[in-house]
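Residue-level structural notes
Listed below, chain by chain, are the residues.
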Amino acid sequence: MINHKKKAIFIHVQKTGGKSLRKGLGFKGGTQHEPATVLRERYGDHVWTRYIKIAFVRNPWDRLVSAFFYAKKGGNQSVYDLQRASYLPETFTDFIKNVNHYATLSNEHLFKPQSFWLLDEKGDVMVDILGRFETIDSDARKIAKSLNIRFFRLKKINVTQHDRYREYYSDETKQIVAEVFSSDISLFKYTF
């Protein structure tokens, strides 16, 4: 997602409040979930190096709860999302016990580590501003100010209904996420 007027590129990591952020920060267009490496290639080095790159991340344990329940209800109700809902395990625990499988499927981006979206081939973060879902309003306000955008309070869009993420984990499933998503946990400094 690009805003040529503000010279900014938004990398939309799924289940990090991206739809709300795009609207609140003035990025137009449909949903695009593409890694930074793909966007750099699309826009070229001339644009990539001159524009501010923005992304948001989310605690991996929390993000997986949101992603699972979003997917189980059929996502955006597309044919693909409805098919995905039918092949996912019935319970969150069974999903987490197989999360490595889902995280490595080439056509399944919803469950990929956030580092997949934000790192280059050398393992370096490709964004200039990295906000956090946990502080989404204050981070978005700071970003809007830096881009000279009139900021409106973010509207919650595409919210998934579930309990607090901690309620879904056992010691075993908590550890599985820690191993499979270790790059996100260490890179973005998250703890359970």
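Please refer to the structure higher up on the page.
Residues numbered from 1 in each chain as written. Predicted model: local features only at pLDDT ≥ 70, side-chain atom pairs only at ≥ 80, totals over all residues. Heavy atoms only, no water.

1. Thoughts on the nonpolar core
Where we set the bar: Among the buried residues, those of types Ala, Val, Leu, Ile, Met, Phe, Trp, Tyr and Cys that are joined through side-chain atoms within 4.5 Å form a nonpolar core. The classification of residues rests on relative accessible area computed with a 1.4 Å probe and restricted to protein chains. Under 20% of the type maximum is buried, over 50% is exposed, and intermediate values are partly exposed. Helix and strand labels come from DSSP, where a helix needs a run of H or I of at least four residues and a strand needs a run of E of at least two; each type is numbered from the N terminus. By the convention used here, residues are in contact when the closest approach between their heavy atoms is within 4.5 Å.
Leu64, Phe92, Phe95, Ile96, Phe111 and Tyr169 are the most contacted members of the largest nonpolar core, which has 23 residues in total. Among the elements of the structure, helix H3 (60–72), helix H5 (92–97), helix H6 (99–104) and helix H9 (171–180) are those that each provide at least two residues to this core. Take this core: its biggest share by element is seven residues, from H3. Aside from chain neighbours lying at most four places away, what touches Phe111 is Leu64, Ala67, Phe68, Ala71, Arg84, Leu88, Phe95, Tyr102, Ala103 and Phe181. Ala36, Ala55, Trp117 and Tyr190 belong to the second-largest nonpolar core, a separate cluster that totals 18 residues.

2. Points about the sheet that holds strand E4 (residues 129–132)
What counts here: Strands pair, by our definition, only if DSSP identifies at least two bridges between them.
As summarised here, the arrangement of the four strands in space is E1-E2-E3-E4, forming an open sheet in which the pairing is mixed. Two strands close off the open sheet at either side, each with one partner strand: strand E1 (2–3) and E4. Bridge count between strand E3 (residues 52–57) and E4: four bridges; the pairing is parallel. Note on E4: the bridge partner recorded for Ile54 is Ile129.

So far we have only geometry, and geometry alone does not tell us how the molecule works.
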